[in-house]
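What follows is each chain in one-letter form.
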Amino acid sequence: MDIFAQKRPYDQHVTLNDWDIYLLDTKCGDIEPGYLTEAQLAWLQAELAHATPPGIIFMHHPLAGPALQHMRYSVLQNGEDLLRVIDHSSICAIFSGHTHFASSSVINGMLNVVADSTAYHIDCSNHHVHRIYDGTAYNVITLNGTSIGVEQRPLYLRKEVINTIQVPNTDFVDPQILFAAMAEQEERRETVK
């Protein structure tokens, strides 16, 4: 399977050791937040209609879980739509990244794990001034029967702040900005054809 030979989005469903793995492309043009189109959600719903437990979703942008309420400008903007599609399905966990710090939560009985970054770490404890550090970490996910284990493995974290990001508004992004970014992305894709 050559996922790079396909057109975007790079959504995939593969089976690995009796687990259904769904890879969802949440990129929304060239802007910060993520988004899943209606077509992507319909594809996932159709895939899940034939699925047997257990299932896992991997995507770049996380859901706006309890630990990420101050990061809503940066997460999956239509996470509620995704949750509706996967409600009562075989999905038992969602793994993502993007925020450059680790967090985990349970949403609707489903494990949600956000990995830290392999490039740099961001401290968002001050919701409006995010501090950036040189740092790298990764997660090890263990699937054992129908159980999931996650270990965070930090490799490096410097104590000096290398940059800061001012965040005036931490709420969800205006949908018109999302739709404009997706339209621009589609135009570029059509130009390449």
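Note: the structure precedes this text.
Presented here is an overview of the structure given in this document. Since we're looking at a predicted model, the values are computed, not measured.

1. Some remarks on the overall build of the chain
- Within the chain, the regular secondary structure consists of three helices and nine strands.
- Along its sequence from the N terminus, the chain presents helices and strands in the succession β-β-α-β-α-β-β-β-β-β-β-α.
- Expressed as lengths along the three principal axes of its C-alpha atoms, the size of the chain is roughly 50 × 45 × 30 Å.
- With the model as given, the accessible surface of the chain reaches about 10,800 Å², and the carbon-plus-sulfur share is 53%.
- Across the chain, the 12 positively charged side chains and the 23 negatively charged ones have centroids separated by 6 Å.

2. Thoughts on helix 2 (residues 79-86)
- Regarding helix 2, the residues found buried are Gly79, Leu82, Leu83, Val85 and Ile86. Mapping the buried residues of helix 2 onto a view down its axis gives an arc of 160°, with all of them on the same face. For helix 2, the exposed residues set more than 90 degrees away from the buried face come down to Glu80 and Arg84.
- Lining the buried residues of helix 2 we find strand 2 (19-24), helix 1 (38-49), strand 3 (55-59), strand 4 (91-96), strand 5 (103-107) and strand 6 (110-114).

3. Some words on helix 1
- For helix 1, built from twelve residues, the straight-helix expectation of 16 Å at 1.5 Å per residue is met to within 8% by its first-to-last C-alpha distance of 16 Å.
- Residues of helix 1 that are buried: Gln40, Leu41, Leu44 and Leu48. The buried side chains of helix 1 occupy one side of the element, clustering within an arc of 95° when seen end-on. Opposite the packed face of helix 1, turned more than 90 degrees from it, sit the exposed residues Glu38, Ala39 and Ala49.
- The inward-facing, buried residues of helix 1 abut strand 2, strand 3, helix 2 and strand 4.

4. Overview of the sheet that holds strand 8 (residues 129-144)
- Read from one edge of the open sheet, three strands run 7-8-9, paired in antiparallel fashion. The open sheet is flanked by strand 7 (120-123) and strand 9 (147-166), the only strands paired with a single partner. For this sheet the average axis-to-axis angle between neighbouring strands, irrespective of direction, equals 40°.
- Relative to strand 9, strand 8 is paired through 15 bridges, and the arrangement is antiparallel. Bridging from a neighbouring strand, Asn139 pairs with Gln152 of strand 9.

5. Description of the pairing of strand 8
- In terms of strand pairing, strand 7 meets strand 8 through four bridges, oriented antiparallel. Opposite Ile122, over in strand 8, you have Ile132 as the bridge partner.
- In this antiparallel pair of consecutive strands, strand 7 and strand 8, the connection spans five residues.
- Here strand 8 folds back onto strand 9, and the loop between the two strands holds two residues, one of which, Gly145, carries a positive phi near 65°.

6. Let's talk about the pattern of salt bridges
- Considering all chains together, one arrives at seven salt bridges under this definition.
- The network of salt bridges with shared partners includes Asp134, Arg158 and Glu160.

Each value, and the rule that gives it
- Residues numbered from 1 in each chain as written.
- Predicted model: local features only at pLDDT ≥ 70, side-chain atom pairs only at ≥ 80, totals over all residues.
- Heavy atoms only, no water.
- Helix = DSSP H or I, 4+ residues; strand = E, 2+ residues; numbered from the N terminus.
- Areas by Shrake-Rupley, 256 points an atom, 1.4 Å probe, with all protein chains shown as cover.
- Lys, Arg positive; Asp, Glu negative; His and termini not counted.
- Charge placed at Lys NZ, Arg CZ, Asp CG, Glu CD.
- Buried < 20%, exposed > 50% of the residue type's maximum accessible area, 1.4 Å probe, protein only.
- Arc of directions from axis to C-beta.
- Contact = heavy atoms within 4.5 Å.
- Expected span 1.5 Å × (residues − 1).
- Pairing = 2+ DSSP bridges.
- Axes fitted to C-alpha atoms, helices over the stretch in contact; angles between N-to-C directions.
- Salt bridge = Lys/Arg side-chain N within 4 Å of Asp/Glu carboxyl O.

Purely geometric numbers; function is a separate question.
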